[in-house]
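Chain by chain, the residues run as shown.
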Amino acid sequence: MSNGRVDILDKENSENSIFKLYDRIPVNNKASAYTDALRGDFEDSNLSLAYFSAQNVQANQNSIRAEVYRKTGRVEESKAIVKVIFDDPNYKLQGKMQFLAAYFGKELSDEEKEYAIELGKKIIYYHSEEPEAYAIFGDLYQGLNYPEEAKAMYLKSLELNPSNLNAWQNVLDYELRNGENDSVIVNSENAITYFPNQALLYFYGGTGYLSKNEYKKSVQMLEQGKKLSSSNLQLLALFNGQLGDAYNGLEDYEQSDKAYEAALDYDPENDHVLNNYSYFLSLRKEKLDLAERMSTKLVERNPEDPTYLDTYAWVLYNLGKYDDAKKYIEKAINFDETGSGTLVEHYGDILFKLGDVNEAVKQWEKAKKLNDTTDLLDKKIADRQLYE
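Residues numbered from 1 in each chain as written. Predicted model: local features only at pLDDT ≥ 70, side-chain atom pairs only at ≥ 80, totals over all residues. Heavy atoms only, no water.

Q: Any details on the overall build of the protein chain? Residues and values, ideally.
A: If you tally the helices and strands in the protein chain, you get 20 helices and two strands. Expressed as a percentage of the 388 residues in the protein chain, the buried residues total 43%. Partitioning the contacts of the protein chain with sequence separation of at least 6, the portion at a separation of at least 24 is 45%. Put simply, the protein chain shows about 22,100 Å² of open surface, and 47% of that area lies on carbon and sulfur atoms. (Helix = DSSP H or I, 4+ residues; strand = E, 2+ residues; numbered from the N terminus. Buried < 20%, exposed > 50% of the residue type's maximum accessible area, 1.4 Å probe, protein only. Contact = heavy atoms within 4.5 Å. Areas by Shrake-Rupley, 256 points an atom, 1.4 Å probe, with all protein chains shown as cover.)

Okay, here's the thing in structure tokens:
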């Protein structure tokens, strides 16, 4: 070594070489014998014949040329070469995937989107038995904001190879966001058979059961996932938030409150937990001072969210602060775009407490035409009386 340089090969005495390079291709099928790459002395083998074949050399050259043309703005020339590559059934899938990956994470024009999808379809056509083909096409669709198409690709990939955690998670995320709770339950349980130690899968499954009001099964799955996520505080807080909801559904309020408080210990600004904990306390008429503090924080952070405004109004209602409750329920109704019967029924209840019985009944009658009202609504209307 001199001047910071290393002599890889001592030419005068090859036995004292600091490094020796070998191409590691067996000679005469003897695992212990290798040709010396420094001399360029190659022995024919299945590996060398394939790698240095005219077909493989041409494929590598095409890949390089297509990428150079693309990066230098010669788009049509690049596309012509890419077409040759993608229409070649013998060209390895991994190479084609690299071309497709060039379209990930970018703002694409409609024409570029159509072209990328066309390439994805070619991959599926020529590599229909390879699960990675469907997975990469799913990734493309997801990046282009075609979630339903992405889900279909991921599911096909999983049919061929269920040992793809990322594909399971992408499917479950789509299903959960779209309220496909039956599918969430089925697919989370299927995924768990392959990945029993992945906490997030239990979160999906537990949330699926929670959305169907199957609280006992939800608690079982969420508690199992919670055990697996003990080293991930952020995920642990998510489990505690959901467990607060599930235990509340079981009317195990002690466990529910503990779970909510544990979630807030990690993230005091968690809107989901602040809202649900506040609202359920107001329904129970317990810890109303705490509920008021939490819901106040909630509406300060989200002044136009109808759900959070309704929660705050209902906490104020149960504190006997009817004028303030009226103010916030009217804000909630003003911002609501879903036609929530809960909000309108609450408005009627508040008006009744303020002594405006006629207007209260009008709001109850309006709520009856909407969704998510209480079982007592008809009785309230018939008797012109508030029942809680």
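The discussion continues.
Q: Go over helix H10 (residues 199–211) with me, naming the residues and quoting the values.
A: The terminal C-alpha atoms of H10, which comprises 13 residues, lie 19 Å apart, in line with the 18 Å expected from a rise of 1.5 Å per residue. Of all 13 residues in H10, eleven are buried; the element is thus mostly enclosed. All of the buried residues along H10 are Ala199, Leu201, Tyr202, Phe203, Tyr204, Gly205, Gly206, Thr207, Gly208, Tyr209 and Leu210. Each element contacted by the buried residues of H10 is listed here: helix H8 (165–177), helix H9 (181–194), helix H11 (215–228) and helix H12 (233–249). Where H10 terminates, the next one or two residues include Asn213, which has phi positive at roughly 60 degrees. (Expected span 1.5 Å × (residues − 1).)

Q: Which residues make up the environment of Leu201, and what values go with them?
A: Structurally, Leu201 can be placed in helix H10. The exposure class assigned to Leu201 is buried, which follows from its relative accessible area of 0%. Separated by 17 residues in sequence, Leu201 and Val184 have C-alpha atoms that sit 9.7 Å apart. Each residue touching Leu201, except ones within four places of it in the same chain, is listed here: Leu165, Gln169, Leu172, Ser188, Ala191, Ile192 and Phe195.

Q: Explain the environment of Ala135 to me, using residue names and the numbers behind them.
A: Position of Ala135 among the secondary structure elements: in helix H6 (residues 131–143). A C-alpha to C-alpha distance of 8.4 Å links Ala135 and Leu158, two positions 23 residues apart in sequence.

Q: Describe unusual backbone geometry, naming the residues involved and giving the relevant values.
A: In this model, Lys285 sits at a positive phi of 55 degrees, which is unusual for a non-glycine residue. Although it is not a glycine, Asp372 sits at a positive phi angle of roughly 60 degrees. The topology assignment puts Asp372 in the loop between helix H19 (357–368) and helix H20 (377–383).

Q: I'd love a proper account of the pattern of salt bridges, names of residues and values included.
A: Enumeration according to the criterion identifies 22 salt bridges in this entry. In this structure, Glu286 and Arg284 form a salt bridge, with 2.7 Å as the shortest nitrogen-oxygen distance. Overall, Glu286 belongs to the partly exposed group, its relative accessible area being 34%. Residue Arg284 is classed as buried on the basis of its relative accessible area, which comes to 16%. When salt bridges with common partners are traced through the structure, they connect Asp257, Glu261, Arg284, Glu286 and Lys287 into a single cluster. (Salt bridge = Lys/Arg side-chain N within 4 Å of Asp/Glu carboxyl O.)

Q: Give a detailed account of the packing of aromatic side chains, specifying residues and quantitative values.
A: All told, the structure shown has eleven aromatic pairs when counted by the stated rule. Consider the rings of Phe137 and Tyr141, whose centres lie 4.4 Å apart with planes at 25 degrees: the pair is stacked. Highlighted residues: Phe137 and Tyr141, both in helix H6, separated by four residues, approximately one helical turn. In terms of burial, Phe137 and Tyr141 fall into one category: buried. (Phe/Tyr/Trp six-rings, centres within 6.5 Å; stacked < 30°, edge-to-face > 60°.)

Q: I'd like a description of the layout of surface pockets, backed by residues and values.
A: The method is simple in principle: a probe with the dimensions of a water molecule rolls over the atoms, and the space it marks as empty is what remains. Taken as a whole, the largest pocket spans an internal volume of roughly 430 Å³. Along its surface, the largest pocket is lined by 15 residues, and Tyr279, Thr307, Asp310, Thr342 and Asp372 are the ones closest to its centre. With five residues, helix H14 (residues 271–284) is the single largest residue contributor to the lining of the largest pocket. (1 Å grid on protein atoms, 1.4 Å probe; cavity = no way out; pocket = protein on both sides within 12 Å on 5 of 7 lines; lining within 4 Å. Points joined across faces, edges and corners; volume = space filled by probe spheres on them.)

Q: Account for H11, naming residues and giving values.
A: The end-to-end C-alpha separation of H11 is 20 Å, in line with the 20 Å expected for 14 residues at 1.5 Å each. Turning to H11, its buried residues are Ser218, Val219, Met221, Leu222 and Gly225. Where the residues of H11 are buried, they touch H9, H10 and H12.

Q: An account of the packing of H14 against helix H15 (residues 288–301) is requested, with residue identities and associated values reported.
A: Between H14 and H15, the least distance of the axes is 9 Å, while the angle of their chain directions is 140 degrees. Taken together, the axes of H14 and H15 lie oblique to each other. The handedness of the crossing between H14 and H15 is left-handed. Taking contact as the criterion, the partners of Asp271, Leu274, Asn275, Tyr277, Ser278, Leu281 and Ser282 in H14 are, on H15, Leu288, Leu290, Ala291, Met294, Ser295, Lys297, Leu298 and Arg301. A class-by-class count of the residues in the contact of H14 with H15 yields eight nonpolar, four polar and three charged. (Axes fitted to C-alpha atoms, helices over the stretch in contact; angles between N-to-C directions. Parallel < 35°, antiparallel > 145°, perpendicular 65-115°, else oblique. Left-handed = near helix turned anticlockwise from the far one by under 90°. Nonpolar A, V, L, I, M, F, W, Y, C, P; charged D, E, K, R; others polar.)

Q: Break down the side chain of Asp271 for me, citing the residues and quoting the values.
A: When you line up the elements, Asp271 lands in helix H14. Reaching out from Asp271, the side chain makes a polar contact with the side chain of Asn302 at a distance of 3.3 Å. Non-local contacts of Asp271, meaning those with residues more than four positions away in its chain, are made with Leu298, Arg301, Asn302 and Tyr308. (Polar contact = N/O pair within 3.5 Å; in protein donor to acceptor, adjacent residues only side chain to side chain.)

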